[in-house]
Amino acid sequence: MRISVLSALLTVSALLLTSCAAVEDDEAADEGTASGPAADHPEELAAFYEQDPTWEECEGDLECTTVEVPMDYSDPEGETLEIALVSAAPEESGGSSDDEADDDAEDDGEDEDVEFLLTNPGGPGESGYDLVAEMRGYAFSSRLQENFALVGFDPRGVHRSAPVQCFTDEEMDSYREGDDAFDEDTDTPTGEMDAARQQAREIGEDCLERTGDSLEFVDTDSAARDMDVIRAALGQERLHYLGFSYGTHLGITYAELFGDRVGRFVLDGMMDTSVDLQEISLAQARGFDSVLDDFAQWCEDLEDCAVDGDADDIIGSVEQMLHDVHLEPVEMSGDRTLTVEMLISGFILPMYSSEGWPLLAQALGAAVDDGEYDMFLAWSDAAAGREADGSYSWQGTMARQAIMCADYPVPEADGEIRREFDAIAREAPVLGPYLGHPAIMCDEWPIEPRDEPEEPELDDVDEILFVGTSGDPATPVEWAESMHEMVPASSLLIYEGEGHTAYRAEGGCATEAMDDFLVDGELFDGRSECS
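Because the structure is predicted, anything quoted here is derived from the model rather than measured.

Participant: Please provide a residue-by-residue account of the overall build of the chain, values included.
Facilitator: Secondary structure summary: the chain contains 21 helices and 12 strands in total. For the chain, restricting intrachain contacts to residue pairs at least 6 apart in sequence, the fraction spanning at least 24 positions comes to 77%. Split by element, the accessible area of the chain, about 21100 Å² in all, is 40% carbon and sulfur.

Right, dumping it as structure tokens:
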């Protein structure tokens, strides 16, 4: 079966994607060494580096603020954006009361004595604010929470920080469900591509109209520069940082721009900044097909797996399910429709960790045996940020699209785009045809890309920890190995296990090694492996 190019090329990739950034402003990037929180910044950026943000109580016992940054760092006198931050004070290991913790913070002086750890969960388009405000107990070890004030931020274009906005809630539903119709003859390859380009142009125009001029400046390079303004606002001479998935690329970009201000940096789920968007899409498609093989074998080995048959039968059931929903989307309750694009985004969500495999088996069994797709719809909605009432907390899908298009040049010729799409379908034949390809969307995007893939140059960084997981489908371990070869100052930790990223709040060998570096500055040389 050949998948419709119209649907595939208009689907923002269901996977977590990285972005690559080139240093455009060499003068700003090469400004000496830092001798203080706001030292050695360009004079034209003094107002941003010397701001003193006001922290206010929020989210229960947390503190929130915003920092002001230039929309365009090459025009600091122009428009500005506000970047949202949230901070969780260090937890008391002995379980002291909130009042005692507040008193200690007042006595010690927060800016002088507290070490901050900035974090980003990836995406692009995911909220670091929400990671700290809502999920820190599940995302970070008690050791980290006791030794750092955890700081989450929404990068520019995301959620609370000048978010990318393209659709109303109703329009977002229609976009995801593929309700748009076309006059072109979409039964031919040319008609499909023309229709895809038409809709891509319309979406881009809507995004630019509703987001405004800031849509041009959601690139990773600009977001990394914002991180240094955040460092100064926190009163830190050096920035400590824990980045996951796409957050590793943010970290690498920061380290290239401000290497002398890098503190203890841990980058887990390492992205390879030298590869282009097609290489990323291929590697991830192959990774998820490989994880599907592992899942199917795991399911076969269970005595009571919810899906019948051996591993080949289970993979066949997945192929048939995707084929059937592609041909005939599923009518769901509440006047909803589940398309194959929504199904695949829901299907891969529990594949990011082997801990999700039992639920995936349950959902697959319900779909195959009973035609019930409710779990997949719920996961698809969660991935898209859709709430139970039909509203979207923010359009993370479109933020991801905007950042990708800002960071990556893509081929312009229809023939080359089709060849790239066919290569993904050929190398990952089960899931690859459905995972989406952003080339048409980015080629028709109203903003030209600002960056391009490049090998990292971290000349001013003394040490940095890269982490890869052998069974990671979204950020293949080969990326971490490649980056380690390109960055002589790096140490490389390989976790032999399944799932996307290696850090676990409950601990384990990889978490212990990362915490040792972040908390105590203890880091091994070269490469280390654990399981």
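Back to the text.
Participant: Any details on the state of the cysteines? Residues and values, ideally.
Facilitator: Summed over all chains, the structure comprises 5 disulfides. Between the sulfur of Cys166 and that of Cys207 lies a disulfide, 1.9 Å long from S to S. Because the sign of the S-S torsion sets the handedness, a value of about 115 degrees for the bond joining Cys166 and Cys207 places this disulfide among the right-handed ones. Placement of the pair is Cys166 in the loop between strand S5 (149–153) and helix H8 (169–177) and Cys207 in helix H9 (residues 189–211), with a sequence separation of 41 residues. Note that Cys405 is cross-linked by a disulfide to Cys442, the S-S spacing being 2.2 Å. The sign of the -85 degrees torsion about the S-S bond sets the Cys405-Cys442 disulfide as left-handed. Of this pair, Cys405 sits in helix H17 (residues 396–407) while Cys442 sits in helix H19 (residues 439–443); the two residues are 37 residues apart in sequence, bridging distant segments of the chain. Each disulfide in the chain links cysteines that, numbered along the sequence, combine into the pattern 1-2, 3-4, 5-6, 7-8, 9-10.

Participant: Any chance you could break down the environment of Ala425 for me, citing the residues and the numbers?
Facilitator: On the secondary structure map, Ala425 appears in helix H18 (residues 414–427). Along the backbone, Ala425 and Arg286 are 139 residues apart, and their C-alpha atoms lie at a distance of 9.6 Å. Discounting chain neighbours no more than four positions away, the residues touching Ala425 are Gly432 and Pro433.

Participant: Tell me about helix H10 (residues 220–233), and please be specific about residues and values.
Facilitator: Taking 1.5 Å of rise per residue, the 14 residues of H10 would be expected to cover 20 Å, and the 20 Å separating its terminal C-alpha atoms lies within 8% of that figure. Within two residues after H10, Gly235 carries a phi angle of roughly 75 degrees, on the positive side.

Participant: Kindly report on the nonpolar core, identifying the contributing residues and their values.
Facilitator: Across soluble globular proteins, you tend to see nonpolar side chains buried next to one another. Met398 and Phe466 are the most contacted members of the largest nonpolar core, which totals 87 residues. For this core, the element with the most residues is H10, which contributes 7 residues. What Met398 contacts, discounting residues up to four positions off in sequence, is Val164, Cys166, Phe167, Tyr175, Ile203, Cys207 and Met441. Of all hydrophobic cores here, the second largest spans 46 residues; its members include Val291, Ile315, Ala361 and Tyr373.

Participant: A description of the pairing of strand S4 (residues 116–120) should follow, citing residues and the corresponding values.
Facilitator: Judged by how many residues are buried, S4 sits mostly within the fold: 5 of 5 residues are covered. Pairing between S4 and S5: 4 bridges, direction parallel. Along S5, the bridge assignment pairs Leu118 with Val151. Both S4 and strand S6 (residues 239–244) contribute to a ladder of 4 bridges, which runs parallel. Bridge pairing links Thr119 to Leu242 in S6.

Participant: Would you mind going over the packing of aromatic side chains in detail, with residue names and values included?
Facilitator: Tallied over the entire structure, the rule returns 11 aromatic pairs. For the pair Phe244 and Tyr503, a centre-to-centre distance of 6.3 Å together with 65 degrees between the ring planes defines the contact as edge-to-face. Of the two residues, Phe244 is situated in strand S6 and Tyr503 in the loop between strand S11 (490–498) and helix H21 (509–520); the sequence distance between them amounts to 259 residues. The exposure class assigned to Phe244 is buried, which follows from its relative accessible area of 9%. Classification of Tyr503 by relative accessible area gives buried; the value is 5%. Aromatic side chains Phe288 and Tyr352 sit 5.3 Å apart centroid to centroid with 70 degrees between the ring planes, which places their arrangement in the edge-to-face category. Highlighted residues: Phe288 in helix H12 (residues 277–301) and Tyr352 in the loop between helix H14 (340–348) and helix H15 (357–370), separated in sequence by 64 residues. Exposure remark for Phe288: the relative accessible area of 0% places this residue in the buried category.

Participant: Would you mind going over the side chain of His437 in detail, with residue names and values included?
Facilitator: With respect to the secondary-structure elements, His437 resides in the loop between H18 and H19. Under the relative-accessibility criterion, His437 is labelled buried at 2%. A polar atom in the side chain of His437 sits 3.2 Å from the side chain of Glu420. Looking at His437, its side chain comes within polar contact range of the main-chain nitrogen of Ala439, at 3.2 Å.

What counts as what
- Position labels on residues start from 1 in each chain and follow its written sequence.
- Owing to the predicted nature of the model, reporting of local features is limited to residues with pLDDT of at least 70; listing and counting of side-chain atom pairs is limited to 80 or more, with chain, interface and lining totals taken over all residues.
- Only hydrogens and water are set aside; all other atoms, that is, all heavy atoms of the structure, feed into the side-chain values.
- Numbering of helices and strands starts at the N terminus; helices are DSSP runs of H or I of at least 4 residues and strands are runs of E of at least 2.
- The contact criterion used is simple: two residues touch if any of their non-hydrogen atoms lie within 4.5 Å.
- Note on areas: Shrake-Rupley with a 1.4 Å probe; residue coverage comes only from the protein chains shown.
- Cysteine sulfur atoms are paired as a disulfide whenever they fall within 2.5 Å.
- Take the number of residues in a helix, subtract one, and multiply by 1.5 Å to get its expected span.
- Each nonpolar core is a collection of buried residues, namely Ala, Val, Leu, Ile, Met, Phe, Trp, Tyr and Cys, held together in the definition by side-chain atoms within 4.5 Å.
- Categorising residues by exposure relies on relative accessible area from a 1.4 Å probe, with only protein chains included: less than 20% of the type maximum marks a residue as buried, more than 50% marks it as exposed, and the intermediate range marks it as partly exposed.
- Strand pairing is defined by DSSP finding a minimum of two bridges between the two strands.
- Pairing of aromatic rings covers Phe, Tyr and Trp, the last counted by its six-membered ring, and requires centre-to-centre distances within 6.5 Å; plane angles under 30 degrees mean stacked, over 60 mean edge-to-face, and any other angle means tilted.
- Counted as a polar contact is a pair of N or O atoms within 3.5 Å, where, for protein atoms, one must be capable of donating a hydrogen and the other of accepting one, and residues adjacent in sequence contribute only when both atoms are in side chains.

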